[in-house]
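An overview of the molecular structure
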Amino acid sequence: MKHNSSRHGEIRLGTHGEDYGNWMPVSMLRLVGGLAALAAVFSALFFSVFHITVLGVVFMIAALLLLALLLWITWIRRQYAFGGGGMMEQVHQIVLSHLDFDGQGQLLEVGCGSGALSIRAALTWRVAQVVGIDYWGSAYGYGQAMCEKNARSEGVAARCRFRHGDANKLDFPDESFDAVVSNYVYHNITGADKRTLLRETLRVLKKGGVFALNDDMKPRMYGDMEEFAQELRDMGYADVWLIDTAQEAFGSRRRAATMMLGASRMLVGRK
C-alpha cells in the first residue's frame, strides 16, 4: 500500500481563520468544570454550615478528582487543536497518506464533522470531487454550514459537497465512489455493529476503488480485526492491511491512550 506523507505535510489547513472545531468539545470542559465547582460548593456547605465532616470530605475528594479530570481533558483539547498541538491535522495526514488514490473521480468521507479531512483531500487531489456526509449530532457543534464555509475559505467549495447522512445506511447506490475514507466515526455510533458499518461503507466503493478507514478499534467493539481483514482478502479485496495509527500518528500507544484513542487502527485496501 502506497504511503507518501511528504506531500500531505505541505498542506496547512486553518490559515485563513477557518473553524475546524476540536475532538474534545468545549461542552465537555464546561460539564466537568461545572461538576467540580458544584462539588466544591457542597463540600464547603457540609463543612461550614451543616457540620457533617464525612460528607464534606467526600465532596472535597470529588471536587479534586473532577479538577484533575478537567486539567487532563483541557490538555487533550490543546493537543488536538489546529494551531495548538495539531494532532487532528497529523492524524488526517496519516489517513490520506495511506490512501493509494490517483485523484481521479469521486471520494467519499463518512462522518466529515467540520469538513477538515474532506477539504484536505480536495487540496491534495486537485481534480477529485469530494463528498462529505455526517449525521451532525449536537455534541461537537459541527454542521453543514460550517463545512461549506470552511471549503469556501480554503478555495475548494466547487469540488466539495456536504450533506446529511447516516453511516448505518448510506444514501448512495452500490459502487458510487472511487475512494472512501472515515476517521474516528464508527465507535461513536451507539448500538451499531462496527463490522456492519465497515461493510456498508465498502458497499458504495467501486470495484478497484481504495479505502482508508481509521477508528478507535477496541476489541470489545470490533472483535478480531485481523480476522475481518482476512475475510476481505478472501472476498477478493487486495492490499488489505491494518495500520497501527496509535503508533504512527501519536508516536506510541501509550500517548494515544492518554488522548483516549489508544486502540487506533486503520483498515486500508482496494476493492
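Residues numbered from 1 in each chain as written. Predicted model: local features only at pLDDT ≥ 70, side-chain atom pairs only at ≥ 80, totals over all residues. Heavy atoms only, no water.

1. Comments concerning the environment of Leu99
In this structure, Leu99 sits in the loop between α4 (87–97) and β1 (106–110). Between the alpha carbons of Leu99 and Phe211 there is a distance of 6.3 Å; along the sequence they are 112 residues apart. Excluding its chain neighbours within four sequence positions, the residues that come into contact with Leu99 are Leu107, Trp125, Ala179, Val180, Val181, Val210, Phe211 and Ala212. (Helix = DSSP H or I, 4+ residues; strand = E, 2+ residues; numbered from the N terminus. Contact = heavy atoms within 4.5 Å.)

2. Here we look at the state of the cysteines
Following the criterion strictly, the structure yields 0 disulfides and no others. The thiol of Cys147 is unpaired, and the distance to the nearest cysteine sulfur, on Cys112, comes to 4.2 Å. Looking at Cys147, the relative accessible area reads 0%, which means it is buried. Not engaged in a disulfide, the cysteine Cys160 finds its nearest cysteine sulfur in Cys147; these two sulfurs lie 9.4 Å apart. Since its relative accessible area comes to 8%, Cys160 is described here as buried. (Disulfide = S-S within 2.5 Å. Buried < 20%, exposed > 50% of the residue type's maximum accessible area, 1.4 Å probe, protein only.)

3. Observations concerning unusual backbone geometry
In this structure, Trp136 takes a positive phi of about 50° despite not being glycine. Counting through the fold element by element, Trp136 comes out in the loop between β2 (129–134) and α6 (144–154). In this structure, Met260 takes a positive phi of about 70° despite not being glycine. For Met260, a relative accessible area of 39% translates into the label partly exposed.

4. Let's talk about the sheet that holds strand β6 (residues 238–243)
One open sheet accounts for 7 strands, arranged β3-β2-β1-β4-β5-β7-β6; its pairing is mixed. Both outer strands of the open sheet, β3 (160–164) and β6, are each paired with one neighbouring strand and no more. On average, adjacent strands in this sheet sit at an angle of 15° to one another, irrespective of strand direction. Docked against the sheet, α4 engages β4 (177–183), β5 (205–216) and β7 (264–270), running at close to 150° with respect to β4. The sheet strands contacting helix α9 (residues 225–234) are β5, β6 and β7, and the helix crosses β6 at an angle near 170°. (Pairing = 2+ DSSP bridges. Axes fitted to C-alpha atoms, helices over the stretch in contact; angles between N-to-C directions.)

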